[in-house]
Amino acid sequence: MQLPKHVVMKEVGPRDGLQNEKTHITTADKIQLVNLLSQTGLNYIEVTSFVHPKWIPQLADAVEVLQAIKRNKDITYAALVPNMRGLERALQAEVDEVSIFMSASESHNQSNINKTIDETFPILEEVVLGAKASKKKVRGYISTVLGCPYEGYIHPDKVLRVTDKLLLMGVTEISLGDTIGVGVPTQVEHLLEELLKRFSANNFAMHFHDTRGTALANIMKSLEMGVTKFDSALGGLGGCPYAKGASGNVATEDLLYLFDEMGIQTGVDRQKILEAALFIEQKLGKAVASKQMAIVRNERSANPL
């Protein structure tokens, strides 16, 4: 098996993880969570979202959080930005990198953004140009790349079309999202075969939700195909507000265990990730979904202090 010596883990828990949680997390606790993650060796943390608070009330304090975190110069602190108003607020908060988002599926795009795919492109291009004018890098999320809650299987041609447009706009990296967690390795292989005919693997990160327990298998296939950047959320937090039944992202600590045990370097401290996961688990008042945290809980119950 040909595996890379090093991969990049991109932590999306504070944004993609928390946006779907019904338990309100205070601004102070969000700041503390990001500060804990900043001590783990991660070099990328997606902190928050500048989507209108009406749609994502959990992240209404985006400016306050970004302005108050203790920044590490070696870490990129990113945020999701839907439009120019969001970009203005993100720049005010001194975001390091802007993330834009849309879907490969027409119906999911309509549900998520309330616009067609063709209507979405010019709005995102304006954000990309504005961000680049302010010397910020832009990352693009493409949702539903393997399956859609409304349309079912998504053909790679649909992903290719959106990828092409975003890269032409000047997006530096595209995160390919299995938003509802329906993908399996054969589908991942088919998608990446088509994309890598035209684009470098370095253009892509993979973003797998673990709804059906296939995220780690899909990551293994992505590694084999040459992709070395992966999104994850501590505790396996997350979901999609516009994709019924979608569960959380692949858990950072589970992914880290996989990489560590295979001898793939990440630069991330597993124990410190578990401490951050324990912190947010306590604040949410419920057990998080990751396998590693279940082991921690079992060990604690077997050996109470």
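Structural data are supplied above this passage.
In this text the structure is predicted, and so the values were computed from the model without any measurement.

(A) Structural detail: the packing of helix α11 (residues 270–284) against helix α12 (residues 291–302). In the contact formed by α11 and α12, the axes pass within 11 Å of each other and the chain directions differ by 80 degrees. As far as their axial angle goes, α12 and α11 are roughly perpendicular. In contact with L274, A277, L278 and E281 of α11, α12 contributes Q292, M293, V296, R297 and R300. Of the residues that constitute the contact of α11 with α12, the class distribution is 5 nonpolar, 1 polar and 3 charged.

(B) Main features of the packing of helix α6 (residues 117–133) against helix α7 (residues 156–169). Contact geometry of α6 with α7 gives a least axis separation of 10 Å together with a crossing angle of 25 degrees. One finds that α6 runs roughly parallel with respect to α7. Note on packing geometry: the crossing formed by α6 with α7 is right-handed. Contacts between α6 and α7 involve I117, D118, F121, L124, E125 and V128 on the former and, on the latter, R161, V162, K165, L166 and M169. Residue composition of the contact of α6 with α7, by class: 7 nonpolar, no polar and 4 charged.

(C) Broad picture of the environment of G41. Mapped onto the elements, G41 comes out in the loop between α2 (27–37) and β2 (44–49). Owing to a relative accessible area of 41%, G41 belongs among the partly exposed residues under this scheme. Setting aside residues up to four positions removed in sequence, G41 forms contacts with G267 and V268.

Calculation criteria
- Residues numbered from 1 in each chain as written.
- Predicted model: local features only at pLDDT ≥ 70, side-chain atom pairs only at ≥ 80, totals over all residues.
- Heavy atoms only, no water.
- Axes fitted to C-alpha atoms, helices over the stretch in contact; angles between N-to-C directions.
- Helix = DSSP H or I, 4+ residues; strand = E, 2+ residues; numbered from the N terminus.
- Parallel < 35°, antiparallel > 145°, perpendicular 65-115°, else oblique.
- Contact = heavy atoms within 4.5 Å.
- Nonpolar A, V, L, I, M, F, W, Y, C, P; charged D, E, K, R; others polar.
- Left-handed = near helix turned anticlockwise from the far one by under 90°.
- Buried < 20%, exposed > 50% of the residue type's maximum accessible area, 1.4 Å probe, protein only.

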